[in-house]
Amino acid sequence: MLKIDTKGLKSFIPEEEIFELLEKTKNPSKSRVQEIIAKSLDKNRLSPEETATLINCEDPELIQELFKGARALKEKIYGNRIVLFAPLYVGNECVNDCAYCGFRISNKETHRNTLTMDQLEEEVRALESRGHKRLIMVYGEHPMYSPEFIRDTVLKTYETREGKGEIRRVNINAAPLDIEGFKTVKSAGIGTYQIFQESYHQESYKKFHPSGPKSNYLWRLYGLDRAMQAGIDDLGIGALMGLFDWRFEVMGLLYHTIHLENTFNIGPHTISFPRIEPAHNTAITEEPPYAVSDDDFKKLVAILRLAVPYTGLILTAREPIAIRNEVIGFGVSQIDAGSSIGIGDYSHKDEESFKKSQFVLGDQRSLDDVIRELATHGFLPSFCTACYRLGRTGEHFMEFAIPGFVKKFCTPNAILTVSEYVHDYGSEETIKAVTARIHKELEDFEDEKVKLELKQKLERVANGERDLYF
Ligand code: SAM
Ligand code: SF4
């Protein structure tokens, strides 16, 4: 039984300081903004004061500087890879009452469902038969979804195989647990454990989380500290954009990052920044109190990229295609594709699917379409899980910190995994687009030794071998 204890804990989000910084840094000069961007391009995390200064760029010319800076950082450090994953919703029973979520306890119109082990297997087979290798498994908060249940569903997912398909990395988005609970889930060999704070602003948090364990702001805020204490050092933070001013939330994400760095010497692996999407029978999602415009959304992605240059940014299919295409160039590292968020939808889609879903997706393209479009637009789709498999945690940090890491490991592994994809699952058009991209990548390779080894491995993939990596 989960024992919620927040005695002696204090928030590490300094609300007054954030408001002051946002006030103090208004109307920044062009030279100051350029100086801050240069610091980020020099591979340094920005301070709260510097981040607030970027947030206060209102002049269209300065905003263009932010976009240019984010693009430059992406090109300089990360290259053109985009890692692909899919969400797998395991159950939507929930004891909380989050005002924005279709799964909240007071939503009597939601069809409640939890996958049985057999249904889970069916879902995983359906995902594998489309070519997915990386999943994020998502759970409501309910005594049914105990740490042991989460562990067993993850283990089941790893052991399920369909043809040449397999899931090689499972990330988790579930309620914050106690230390023992996190240890239990860790034992299944998970990747990232994500917990979104939703809003870092306490008053707003209280308003939108009126009851249930999630109503305790501090229990959630310290959730990832407990995960770290349980030995999970691969963590994802996030804020749900639209509950309070996005400017404050970006500062909250930064202070959370600084807290983890100062306490554990390691920052979050990923940051998520979903905007509120329409959910069935959920009025607040029609008109979120602090709705973020498309222009502000682009700005906030660019600012996050610059503020924490070594952290992975996740952009989900909640966003419409046009926005996704635009902000991918600002240094987003992972996107989901071919996603379904109704319980059991990958294997059995029905007409009433939205009543089983948490919200409605903006991008409903298939995985194959997304891969083809990414390749056509000069991006390199990747299903790489090599760092995780080799125990190299903090892959984003390594890409960032180790000179040549991307060229030596990430790009070749992206090429190998997307090549596997087209051999096993690609449509004719996608095979063409990806083959052209791989040729281009090989042409651009500078390291002849890696290139030769990569060509040999590609040959082996063509001959039916799978799961080869650097
Ligand atoms: N139940 C767990 C929790 O709340 O942490 C984990 C899963 S919850 C289903 C995953 C995330 O979905 C939440 O943290 C929230 O940020 C997001 N979410 C909920 N309702 C949403 C909506 N209407 N639009 C966009 N994202 C939403
Ligand atoms: Fe439950 Fe999570 Fe939805 Fe809140 S966001 S109602 S905790 S599933």
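Each residue is numbered by its place in its chain's sequence as written, counting from 1. Chains and ligands are labelled by the order in which they are written, letters from A for the one and numbers from 1 for the other. Two thresholds apply to this predicted model, a pLDDT of at least 70 for residue-level local features and 80 or more for giving and counting side-chain atom pairs, whereas whole-chain, interface and lining totals are computed over all residues. With hydrogens and water excluded, all non-hydrogen atoms of the structure serve as input to the side-chain values.

Caption draft 1: Spotlight on the overall build of the chain. Counting its secondary structure elements, the chain contains 19 helices and eleven strands. In terms of overall size, the chain behaves like a compact globule, its C-alpha atoms giving a radius of gyration of 21 Å where 470 residues would be expected to give roughly 23 Å. The dimensions of the chain, computed from C-alpha atoms along their principal axes, are 60 × 60 × 40 Å. Three exposure classes are used, based on accessible area relative to the maximum for each residue type with a 1.4 Å probe and protein chains only: buried under 20%, partly exposed in between, and exposed over 50%. Residues classed as buried in the chain amount to 61% of the 470 residues present. As displayed, the chain has an accessible area near 18500 Å², and 51% of this comes from carbon and sulfur atoms. Working definition: helices are DSSP H or I runs of at least four residues, strands are E runs of at least two. Numbering for both runs from the N terminus. Atoms considered for the radius of gyration are the C-alpha atoms alone. The globule rule reads 2.2 Å times the number of residues to the power 0.38. Under the convention used here, a 1.4 Å probe and the Shrake-Rupley method define accessible areas, while residue burial counts only the protein chains that appear.

Caption draft 2: Up close: the site of ligand 2. Any residue with a non-hydrogen atom lying within 4 Å of a molecule or strand is treated as near it. Close to ligand 2 lie Cys-94, Asn-96, Cys-98, Cys-101, Phe-103, Arg-104, Gly-140, Lys-214 and Gln-358, which account for all nearby residues. Using a 1 Å grid laid over the protein atoms alone, points where a 1.4 Å probe fits but cannot get out form a cavity; open sets with protein on both sides within 12 Å along at least 5 of 7 lines form a pocket; any residue with an atom within 4 Å of a point counts as lining. Cavity and pocket membership follows a simple rule, namely that a molecule belongs there if more than half of its atoms are within 2 Å of the grid points. At a threshold of 2 Å from the grid points, most atoms of ligand 2 map onto the largest cavity. Note on residue classes: Ala, Val, Leu, Ile, Met, Phe, Trp, Tyr, Cys and Pro are nonpolar, Asp, Glu, Lys and Arg are charged, and everything else, Gly too, is polar. Looking at the shell around ligand 2 residue by residue, the classes come out as four nonpolar, three polar and two charged.

Caption draft 3: Summary view of the pattern of salt bridges. Note on definitions: salt bridges are taken to be side-chain nitrogens of Lys or Arg within 4 Å of carboxyl oxygens of Asp or Glu. Enumeration over the complete set of coordinates arrives at 39 salt bridges. One salt bridge in this structure joins Glu-441 and Arg-437, with 2.5 Å as the shortest N-O distance. Of this pair, Glu-441 and Arg-437 both sit in helix 18 (residues 428-444), four residues apart, roughly one helical turn. The class for Glu-441 is buried, based on a relative accessible area of 9%. Residue Arg-460 pairs with Glu-465 through a salt bridge whose shortest N-O separation is 2.9 Å. Take Arg-460: its relative accessible area is 35%, and that puts it in the partly exposed class. For Glu-465, a relative accessible area of 35% corresponds to the partly exposed category. Through salt bridges that share partners, Arg-161, Glu-166, Arg-168, Arg-389, Glu-420 and Asp-467 make up one connected network.

Caption draft 4: Examining the packing of aromatic side chains more closely. Stacked, tilted and edge-to-face are the three classes applied to pairs of Phe, Tyr and Trp rings, where Trp contributes its six-membered ring and a pair requires centres within 6.5 Å; stacked means planes under 30 degrees apart, edge-to-face means over 60, and tilted covers the rest. In this structure the tally under the stated criterion is 16 aromatic pairs. Ring geometry for Phe-12 against Tyr-222: centres 5.2 Å apart, planes inclined by 80°, an arrangement best described as edge-to-face. On the criterion of sequence distance, the pair formed by Phe-12 in the segment before helix 1 (15-24) and Tyr-222 in the loop between helix 9 (217-221) and helix 10 (223-229) is long-range, its members being 210 residues apart. On the basis of relative accessible area, Tyr-222 is assigned to the buried category, the value being 13%. Ring geometry for Tyr-205 versus Tyr-217: centroids 5.2 Å apart, planes at 85°, classification edge-to-face. In this pair, Tyr-205 is assigned in helix 8 (residues 202-208) and Tyr-217 in helix 9, connecting sequence segments twelve residues apart. Judged on exposure class, the residue Tyr-205 and its partner Tyr-217 are both buried. Through successive ring pairs, a cluster of aromatic residues spans Phe-19, Phe-244, Phe-248 and Tyr-290.

Caption draft 5: Here's a closer look at the site of ligand 1. The environment of ligand 1 is formed by 19 residues, the closest being Glu-198, Lys-214, Arg-220, Glu-277 and Gln-358. For ligand 1, a nitrogen atom lies 2.9 Å from a polar atom in the backbone of Tyr-100. For this analysis, a polar contact is any N or O atom pair within 3.5 Å, provided that within protein one partner can donate a hydrogen and the other can accept it, and provided that sequence-adjacent residues contribute only side-chain to side-chain pairs. With respect to ligand 1, the side chain of Glu-198 contributes an N or O atom lying 2.6 Å from an oxygen atom. For ligand 1, the protein covers 97% of the area, taking 560 Å² as the surface of the free molecule. With respect to the detected pockets, ligand 1 is housed in the largest cavity. At the level of secondary structure, the elements contributing two or more residues to the shell around ligand 1 comprise strand 2 (134-139) and strand 6 (193-198).

Caption draft 6: Region of the structure containing the side chain of Thr-311. Tracing the backbone through its elements, the reader meets Thr-311 in the loop between helix 12 (294-307) and strand 9 (312-315). Note on contacts: a residue pair is in contact if any heavy atoms of the two residues lie within 4.5 Å. When near neighbours in sequence (up to four residues on either side) are disregarded, Thr-311 contacts Tyr-78, Pro-268, His-269, Thr-270, Ile-271, Arg-305 and His-396.

Caption draft 7: Seen up close, the pairing of strand 7 (residues 235-239). Of all five residues that make up strand 7, five are buried, and the element is covered over most of its length. Burial of strand 7 is two-sided: the residues Leu-235, Ile-237 and Ala-239 facing one way and the residues Gly-236 and Gly-238 facing the other way are all buried. Here strand 6 pairs with strand 7 via five bridges, running parallel. Of the residues in strand 7, the one forming a bridge with Gln-194 is Gly-236. What makes two strands pair is DSSP finding at least two bridges between them. Bridge count for strand 7 against strand 8 (residues 270-272) is three bridges, and the pairing is parallel. The partner of Gly-238 across the bridge, within strand 8, is Ser-272. Whether a crossover is right-handed comes down to one check: with the strands pointing away from the viewer, does the path from the first strand over the helix to the second run clockwise; if it does, it is right-handed. For the handedness criterion, the β-α-β arrangement of strand 7, helix 11 (residues 246-264) and strand 8 is classed as right-handed.

Caption draft 8: Here's a closer look at the environment of Lys-186. Note on placement: Lys-186 falls in helix 7 (residues 179-186). Overall, the relative accessible area of 39% leaves Lys-186 in the partly exposed class. Each C-alpha atom, one on Lys-186 and one on Val-154, is 10.0 Å from the other, the two residues being 32 residues apart in sequence. Among all residues touching Lys-186, those that are not within four sequence positions of it are Ala-230, Gly-231 and Ile-232.

Caption draft 9: Broad picture of the layout of surface pockets. Grid points are joined across faces, edges and corners, and a volume is the space filled by probe spheres set on the points. Reported here for the largest pocket is a volume of approximately 540 Å³. As for the largest pocket, its lining consists of 23 residues, and the residues nearest its centre are Glu-75, Gly-79, Val-406, Lys-407 and Thr-411. Among the elements that make up the lining of the largest pocket, the one with the highest residue count is helix 17 (residues 405-424) (five residues). For the lining of the largest pocket, the residue count by class is nine nonpolar, four polar and ten charged. As annotated, the domain borders come from an automatic or database domain assignment. Per-domain counts for the lining of the largest pocket show at least three residues from each of domain 2 (78-382) and domain 3 (393-462). Leu-2, His-142, Pro-143, Ser-146 and Pro-147 are the residues nearest the centre of the second largest pocket, which is lined by 23 residues in total. If you list the elements that add at least two residues to the lining of the second largest pocket, you get helix 6 (147-159) and helix 7. Classifying every residue of the lining of the second largest pocket by side-chain character gives 14 nonpolar, five polar and four charged.

This is a description of form; function is not addressed.
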